[in-house]
Amino acid sequence: MADTRDENPIIRLRGIRNAFGRQVVHDKLDLDVRRGEIIALVGGSGTGKSVLLRTIVGLNRPAAGSIEVFGQDILHLPVIERRKVEQRWGILFQNGALFSSLTVAQNIQVPLKEHLGLKGPILDEIAALKIALAGLPPEAADKYPSELSGGMKKRAGLARALALDPEIVFLDEPTAGLDPIGAAAFDQLIADLRDAIGFTVFLVTHDLDTLATVCDRIAVLGEKRVMVVGTMSDMLEQTNPWIVEYFHGPRGRAAMDAKARNEARDAG
Amino acid sequence: MSRTTSAEAVGLLRLSEQQGTLRAELSGRWVVANAARLEKALAGPLTDPRDAGAGRALEIDLSGIEAIDTVGAWLVHRTAARWRQAGGAPVITGASADHEVLLGQVAKADRPAPEKPRRAGLVTRTLHDFGRSVSLAADEALRLVSFLGETVAAMFRLAFLHPGRFRVTSTFAQAQAVGIEAMPIVGLISFLIGVVIAYQGVDQLAMFGAQIFVVNLVAVSVLRELGILLAAIVISGRSGSSFTAQIGSMKLNEEVDAMRTLGLDPIEVLVVPRVLALMIMLPGLAFFADLMGLLGGMLMSWGVLGIPPDVFMSRLANAVTWKTFFVGVVKAPFFAVTIAVVGCLEGLQVEGSSESVGRRTTQSVVKSIFLVIVLDAIFSIFFATIGI
């Protein structure tokens, strides 16, 4: 098993236990996320990937364990301190979770108004900037979420998650439901923004192309804990049958081949 | 010569001028949390570069900044862009490799804002909105009638052509939800109205020394009008709204579309059971409301007037006939169809967002109560004309 511990992580999970009634989802789960990396959480259905993400951001309180983000124990922070921590991360929910009564621009402006009290034309400029960074056309600003396609909703959700220029971005299945071109563009967007802004990305995904192309490390969830953390090449050397099947299955091989081809092309 | 701005005090920006070049030294944290202060610091010569003409140089020095994010980079980019637009020659110096990437991303994101459509004047808009609402109301009325027709057609289809497709379980489940479970609230409201009418009636009738006629007052008003009307209004609020919300959420979740693709007719599956359940249960609820209203009147008469229940009963037998009761209850199936059809139609018209569910639910309750009262008025005129 690869070492899951790290010197000075931006997120540090220790001994997390989550249970719903009698069903235990996580038990004695440890995980460290390094500053500036793109880490992906993978695992079979029902291994509690989304639950773990919700636990870190405070939507679900674990039955036991400790969670440190930015070096602060967020389970025992006073409310005001917690609010400050929450402003330093952004979350993209699976279906965007945009406020349906607000336009895209207004959605992006919610955290700006709420936390920073900004007023005036700068609000529209920031909204336009985030919309452009998320790869949406300028006309999207005045549209309501119900008028957007699934991929555009995701981009709009990302734009809102980026509104406060967060230090950590949590993405729940960012490329699910996107066409391959859109998904590849979204992956590239996340990698570019990470390079430009320097945030840390924590994503839950099943997209092997995302794992192969943009993720620095992969954490595999199983047996109620994080079984392995490591790079894609570490994953390929694992012997656990589920991991072997996941990464050496036809889709896994195709993703690795595509990556190799791209790298050869970039080098040549 | 050296110029400074108010921002110097907060350590974000320092302006100086050397040999015709304006130099802006940035320092501190150029991040979104400081956006308002940064905006203020840039106001003045930099944001409004009127004196930038004739290729005047501007040097923006980033070497002193502690942190910069997309918003900070945007402000730097915008300042340079405006300066260039005004005819000046801006350069950005002291940017690290990371800053270059960030500035590159922001520059890519800079594009002209789409033109917003011009808003019409107040008079035009008012006229336009009024015309629109009239034509929409006409459309809605037409849609309601056509939907009623579709529902009736589906009922006949189920009754005579495909009795096997009729959803018995669903109908009974709906009947339980809209009928049996509504009994406590319908009963309580009718009881209280009976009490109120008896109490208020006695006050007025006492002026003529005709207190005993309170029995007639309670009996006729409850049996003819109030029992059924109260039941119908409570059911509009309780079940009409829930029909809209249920069907509306299914519509949002694409369940209604899924039904169509599986060869199921949403009208047969969703609408007919609800309409039938309400048609069966509302007359019963009206009957129950009548009983509870009379009970309330009787108890009040006993308590305040001292009319004992047996006297009340014999008086009641004189005051009303079967016809009085029948005139009330015969309206129930009509009200039931109105409430169920409006509720289901509004539900099926939900589209887009959860906000639409809320709006349609409100619409459903308002419309069905309105239509119930209009129908009641029509029945009154009808009964008066035929002399019942």
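Overview of the domain arrangement of chain B
- As assigned here, chain B comprises domain 1 (6–109) and domain 2 (151–386).
- Just the C-alpha atoms count here: the centres of domain 1 of chain B and domain 2 of chain B sit 70 Å apart.

Describing the pairing of strand 2 (residues 21–30) of chain B
All names here are of chain B.
- Sheet analysis places strand 1 (residues 13–18) next to strand 2, joined by six bridges and oriented antiparallel. Bridge pairing links glutamine 18 to threonine 21 in strand 2.
- Where strand 1 folds back on strand 2, the antiparallel hairpin that results is connected by two residues, among which glutamine 19 adopts a positive phi of roughly 45°.
- Two elements, strand 2 and strand 3 (residues 57–68), share eight bridges in a ladder whose sense is parallel. Across the sheet, residue serine 27 finds its bridge partner in strand 3, namely glycine 64.

Comments concerning the interface of chain B and chain A
- If you look at the interface, chain B gives 26 residues, while chain A gives 26 residues.
- Summed over the shared surface of chain B and chain A, the number is two salt bridges.
- Here Arg78(B) makes a salt bridge to Glu125(A), at a shortest N to O gap of 2.4 Å.
- At the surface where chain B touches chain A, the tally comes to five residue pairs in polar contact (both at pLDDT 80 or more).

Some words on the pairing of strand 8 (residues 200–204) of chain A
Residue and element names in this part refer to chain A.
- Taking burial as the measure, the five residues of strand 8 include five buried ones, the bulk of the element.
- Side chains of strand 8 alternate between two faces, with Thr200, Phe202 and Val204 and Val201 and Leu203 buried alike.
- Where strand 3 (residues 38–43) and strand 8 come together, four bridges link them in parallel fashion. The residue of strand 8 that forms the bridge with alanine 40 is leucine 203.
- Bridging between strand 7 (residues 168–172) and strand 8 involves five bridges; their strand directions are parallel.

Describing the packing of helix 7 (residues 214–252) of chain B against helix 13 (residues 354–386) of chain B
Residues and elements named next belong to chain B.
- Two numbers describe how helix 7 lies on helix 13: the axes approach to 8 Å, and their chain directions differ by 150°. It follows that helix 7 is roughly antiparallel to helix 13 by the angle criterion. Crossing handedness for the pair helix 7 and helix 13: right-handed.

Concerning the pattern of salt bridges
- Under the criterion given, the structure shown has 28 salt bridges over all chains.
- Here Glu68(A) ties to Arg12(A) by a salt bridge, and the two come within 3.5 Å at their closest N and O atoms. A residue pair is termed long-range when its members are at least 10 positions apart, and Glu68(A) in strand 4 (residues 64–69) and Arg12(A) in strand 1 (residues 11–20) qualify at 56 residues.
- Glu68(A) gets classed as partly exposed once you look at its relative accessible area, which sits at 27%.
- Residues Arg260(B) and Asp257(B) are paired through a salt bridge, measuring 4.0 Å at the closest nitrogen-oxygen approach. Note that Arg260(B) and Asp257(B) are positioned in helix 8 (residues 255–261) at a spacing of three residues, about one turn of the helix.
- Classification of Asp257(B) by relative accessible area gives partly exposed; the value is 38%.
- Among the charged side chains, a network of salt bridges with common partners joins Glu140(B), Arg143(B), Glu346(B), Arg360(B) and Lys367(B).

Here we look at the nonpolar core
- Core analysis: the biggest nonpolar cluster contains 86 residues, and Leu158(A), Leu211(A), Phe247(A) and Trp30(B) have the highest contact counts within it.
- Apart from residues lying up to four places away in sequence, Leu158(A) is in contact with Leu92(A), Val169(A), Leu171(A), Phe186(A), Leu189(A) and Leu193(A).
- Core analysis: the second largest hydrophobic core is formed by 46 residues, Ile228(B), Val269(B), Ala277(B) and Ala289(B) among them.

Description of helix 1 (residues 49–56) of chain A
- Counting buried positions over the eight residues of helix 1 of chain A gives six, a clear majority of the element.
- Following helix 1 of chain A by one or two positions, Gly58(A) adopts a phi angle in the positive range, close to 90°.

With respect to the domain arrangement of chain A
Residues and elements named next belong to chain A.
- On domain assignment, one finds that chain A holds domain 1 (1–88 + 168–231) and domain 2 (96–165).
- Relative placement of domain 1 and domain 2: their C-alpha centres are 24 Å apart.
- The interface of domain 1 with domain 2 comprises 15 residues on the first partner and ten residues on the second.
- Of the roughly 1,100 Å² buried at the junction of domain 1 and domain 2 (both faces included), carbon and sulfur atoms supply 70%.
- It is Gln87, Phe186 and Leu189 in domain 1 that bury the most area against domain 2; as a group they hold 43% of the surface buried on that side.
- For the interface between domain 1 and domain 2, the tally reads zero salt bridges.
- Linking domain 1 with domain 2 are three residue pairs in polar contact (both at pLDDT 80 or more).
- Elements with a contribution of two residues or more to the side of domain 1 that touches domain 2: strand 7 and helix 6 (180–197).

Side note on the packing of aromatic side chains
- For the coordinates displayed, the defined rule picks out eleven aromatic pairs over all chains.
- For the ring pair Phe156(B) and Phe160(B), a centre distance of 5.8 Å and an interplane angle of 20° mean the geometry is stacked. One end of the pair is Phe156(B) and the other is Phe160(B), both in helix 4 (residues 122–161) and four residues apart, which spans about a single turn.
- Note on Phe334(B) and Phe379(B): the rings are 5.3 Å apart at their centroids and 65° apart in plane angle, and the pair reads as edge-to-face. Here the residue Phe334(B) occupies a position in helix 12 (residues 332–348), and Phe379(B) occupies one in helix 13, the gap between them amounting to 45 residues.
- By relative accessible area, which is 45% here, Phe334(B) ends up partly exposed.
- Judged by its relative accessible area of 13%, Phe379(B) is buried.
- Connected via pairs of aromatic rings, a cluster forms that spans Phe334(B), Phe335(B), Phe379(B), Phe382(B) and Phe383(B).
- The ring of Phe70(A) carries the charged tip of Arg88(A) above its face, separated from the ring centre by 3.9 Å.
- One residue, Arg160(A), lies across the ring of Phe99(A), its end atom 4.6 Å from the ring centre.

Criteria and cut-off values
Residues numbered from 1 in each chain as written. Chains lettered and ligands numbered in written order. Predicted model: local features only at pLDDT ≥ 70, side-chain atom pairs only at ≥ 80, totals over all residues. Heavy atoms only, no water. Domains from an automatic or database assignment. Pairing = 2+ DSSP bridges. Helix = DSSP H or I, 4+ residues; strand = E, 2+ residues; numbered from the N terminus. Contact = heavy atoms within 4.5 Å. Salt bridge = Lys/Arg side-chain N within 4 Å of Asp/Glu carboxyl O. Polar contact = N/O pair within 3.5 Å; in protein donor to acceptor, adjacent residues only side chain to side chain. Buried < 20%, exposed > 50% of the residue type's maximum accessible area, 1.4 Å probe, protein only. Axes fitted to C-alpha atoms, helices over the stretch in contact; angles between N-to-C directions. Parallel < 35°, antiparallel > 145°, perpendicular 65-115°, else oblique. Left-handed = near helix turned anticlockwise from the far one by under 90°. Core = buried A, V, L, I, M, F, W, Y, C linked by side-chain atoms within 4.5 Å. Buried area = accessible area lost by both parts, 1.4 Å probe. Phe/Tyr/Trp six-rings, centres within 6.5 Å; stacked < 30°, edge-to-face > 60°. Lys NZ or Arg CZ within 6 Å of the ring centre and 35° of its normal.

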